[in-house]
Every structure is written in C-alpha cells, then in structure tokens.
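A structural walkthrough
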Amino acid sequence: MDTSAYAFANGVRSTREALAAWNQEPWPVLRSWLLGSVAAAGVLLLGVWLVATFSPGARPTALSKPPFFVGDGRNVFHILLGNSLVLTLHALACVAGFVAGSSLPLQARQH
C-alpha cells in the first residue's frame, strides 16, 4: 500500500470514529470545543491588551472612560450584527471553497 492510500484510509477511519463518538455523545465534544474557543479568545484578547499597554505612546486604560463606559444594548446589538454578517459571509466562502476543491478532482477525471 502506498503512502497516499494509507493516509487516506487512516483519515477515513479516524473521521468515522470521530463521527460515531459525536453521534453517541455530542456534549463532551461541544464542551471541549467551547472551552477551547473561550480560552483562545481570552489569550488573544490578553495579547492585544498587552501589546496596546506596552507599545510606545500607550496610555493606561481607564475603564470608566469611553469606549468602555458609554453605550447601551443597542450599541452591542449593532456591533454583534455587523460581526455576525462578516462571519457568515466568511463561512459561506469557506463552504464554497470546499465544494469547489472537492469537486475539482471529480471533474478532472472526466476530462
């Protein structure tokens, strides 16, 4: 068995095992994904805060001054709505890229 065929067979087997585990108990998978996402977001926010704090010309951040203190629920809604649109468009582009990339070998075999 050549290396590519082995890698493909191993990947298919691993994917089937993961999907079977997901179908039996989805919450452990969702919980680990959610905790990992929150941890990654926290690390990224901490990194941005550290860079902003220690970069030249940076002033100390006061949480009682704008942009942290001013605003209400409508402002939060507009920010989340705008970000959701961007994330949705990005997800659609990823799906389109996957569909195009997975159908390309099938089309190439016919030519």
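Before reading further, recall that the structure is shown in the block above.
Residues numbered from 1 in each chain as written. Predicted model: local features only at pLDDT ≥ 70, side-chain atom pairs only at ≥ 80, totals over all residues. Heavy atoms only, no water.

**Remarks on the overall build of the protein chain**
In plain terms, the rule: Only runs of H or I of at least four residues qualify as helices and only runs of E of at least two qualify as strands under DSSP, and these elements are numbered from the N terminus. Working definition: with a 1.4 Å probe on protein chains only, accessible area under 20% of the residue-type maximum means buried, over 50% means exposed, and in between means partly exposed. All accessible-area figures derive from a Shrake-Rupley calculation using a 1.4 Å probe, and residue coverage is judged against the displayed protein chains alone.
Each helix and strand counted, the protein chain has 3 helices and 0 strands in total. Sorting the 111 residues of the protein chain into buried and exposed places 0% on the buried side. In the structure as shown, the protein chain presents an accessible area of about 10,100 Å², 71% of it carried by carbon and sulfur atoms.

**What to know about a nonpolar patch on the surface**
To keep things clear, this is the line we draw: Each patch is built from residues lacking any salt bridge and having more than 30% relative accessible area; the joining distance is 9 Å for like charges and 5 Å for nonpolar side chains (Val, Leu, Ile, Met, Phe, Trp, Tyr). Each salt bridge in this description consists of a side-chain nitrogen of Lys or Arg and a carboxyl oxygen of Asp or Glu lying within 4 Å of one another.
A contiguous nonpolar patch, built from Trp-22, Trp-27, Val-29 and Leu-30 and spanning about 400 Å² of accessible area, is present on the exposed surface. Top contributing element to the nonpolar patch by residue count: helix H2 (residues 26-54), with 3 residues. Accessibility expressed as a relative area gives 62% for Trp-27, which makes it exposed.

**Looking at the packing of helix H1 (residues 3-24) against H2**
Note the threshold: All axes here are fitted lines through C-alpha atoms, helices being fitted over the stretch that makes contact, and every angle between N-to-C directions spans 0 to 180 degrees. Here the word oblique covers every angle except those under 35 degrees (roughly parallel), over 145 (roughly antiparallel) and from 65 to 115 (roughly perpendicular). By the convention used here, residues are in contact when the closest approach between their heavy atoms is within 4.5 Å. Three residue categories are used. Nonpolar comprises Ala, Val, Leu, Ile, Met, Phe, Trp, Tyr, Cys and Pro, charged comprises Asp, Glu, Lys and Arg, and polar comprises the others, including Gly.
At a minimum axis distance of 5 Å, the contact between H1 and H2 shows a crossing angle of 105 degrees. One element, H1, and the other, H2, form an angle in the roughly perpendicular class. Facing H1, whose interface residues are Trp-22, Asn-23 and Gln-24, H2 presents Pro-26, Val-29 and Leu-30. Of the residues that constitute the contact of H1 with H2, the class distribution is 4 nonpolar, 2 polar and no charged.

**Remarks on the environment of Ser-84**
Here is the rule: Polar contact is the term for a pair of N or O atoms within 3.5 Å; when the atoms are in protein, one must be able to donate a hydrogen and the other to accept it, and sequence-neighboring residues count only if both atoms are side-chain atoms.
Inspection of the secondary structure assignment puts Ser-84 in helix H3 (residues 73-110). For Ser-84, a relative accessible area of 37% corresponds to the partly exposed category. Here Leu-80 takes part through its backbone oxygen, which lies 2.7 Å from a polar atom of the side chain of Ser-84.

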